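Analysis of the macromolecular model
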Amino acid sequence: ATVLGVDRSAARLSRARAAPPNALLVRADLPDFWRLLAASDDLEVAETFLLYPNPYPKRAHLRRRWAGHACLPSLLAAAGARVTLRASWRT
């Protein structure tokens, strides 16, 4: 299995440790990534982990977060059979 790590920040990706041989770090905007993945007939996702450190969400920021974003249907369509969501994955 190949593991994808997606981030839109080139700076964060440049600070990442070396990825294992079965992992690939990708710079992408997630709404576009999920829409393209949902529309793809060539790729199959077995499992998705959304690890999002946001312990104090603000109501005004809901549309910026994946749970309130317009791409949520695409995310769920492409996420595979199992989805793990964690809002504070470090704790």
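Reading the values: rules and limits
Residues numbered from 1 in each chain as written. Predicted model: local features only at pLDDT ≥ 70, side-chain atom pairs only at ≥ 80, totals over all residues. Heavy atoms only, no water. Helix = DSSP H or I, 4+ residues; strand = E, 2+ residues; numbered from the N terminus. Buried < 20%, exposed > 50% of the residue type's maximum accessible area, 1.4 Å probe, protein only. Contact = heavy atoms within 4.5 Å. Phe/Tyr/Trp six-rings, centres within 6.5 Å; stacked < 30°, edge-to-face > 60°. Salt bridge = Lys/Arg side-chain N within 4 Å of Asp/Glu carboxyl O. Core = buried A, V, L, I, M, F, W, Y, C linked by side-chain atoms within 4.5 Å. 1 Å grid on protein atoms, 1.4 Å probe; cavity = no way out; pocket = protein on both sides within 12 Å on 5 of 7 lines; lining within 4 Å. Points joined across faces, edges and corners; volume = space filled by probe spheres on them. Nonpolar A, V, L, I, M, F, W, Y, C, P; charged D, E, K, R; others polar.

Let's talk about the side chain of threonine 84
Within the fold, threonine 84 resides in strand S4 (residues 82–86). On the basis of relative accessibility, which here comes to 14%, the residue threonine 84 falls in the buried class. With sequence-adjacent residues up to four places away left out, threonine 84 is seen in contact with Glu47, Thr48, Phe49 and Leu50.

Overview of the packing of aromatic side chains
Using the criterion set out here, one finds one aromatic pair in the structure. A ring pair is formed by phenylalanine 33 and tryptophan 34, whose centres lie 5.7 Å apart and whose planes are at 80°; its orientation type is edge-to-face. Phenylalanine 33 gets classed as buried once you look at its relative accessible area, which sits at 18%. Tryptophan 34 gets classed as buried once you look at its relative accessible area, which sits at 7%.

Here we look at the pattern of salt bridges
Counted under the stated rule, the structure contains four salt bridges. Among the salt bridges present, the one from glutamate 47 reaches arginine 82, with a minimum N-O distance of 3.4 Å. Here glutamate 47, found in strand S3 (residues 47–51), pairs with arginine 82, found in strand S4; they are 35 residues apart in sequence, far enough to count as distant. A residue is classified by how much of its surface remains accessible, and glutamate 47, at 36% relative accessible area, is partly exposed.

Section: the nonpolar core
If you look at the biggest cluster of nonpolar residues, it comprises nine residues: Val26, Ala28, Phe33, Trp34, Leu37, Leu50, Leu75, Ala78 and Ala79. Leaving out residues up to four positions away in the same chain, leucine 75 has contacts with Trp34, Leu50 and Trp66.

Examining the layout of surface pockets
In this structure, the largest pocket spans a volume of roughly 2100 Å³. Along the walls of the largest pocket sit 46 residues, with Leu4, Gly5, Val6, Asp7 and Leu30 positioned nearest its centre. Counting only elements with at least two residues in the lining of the largest pocket, the list comes to strand S1 (3–7), helix H1 (10–14), strand S2 (23–27), helix H2 (30–39) and S3. Class assignment of the residues belonging to the lining of the largest pocket gives a composition of 30 nonpolar, five polar and eleven charged.

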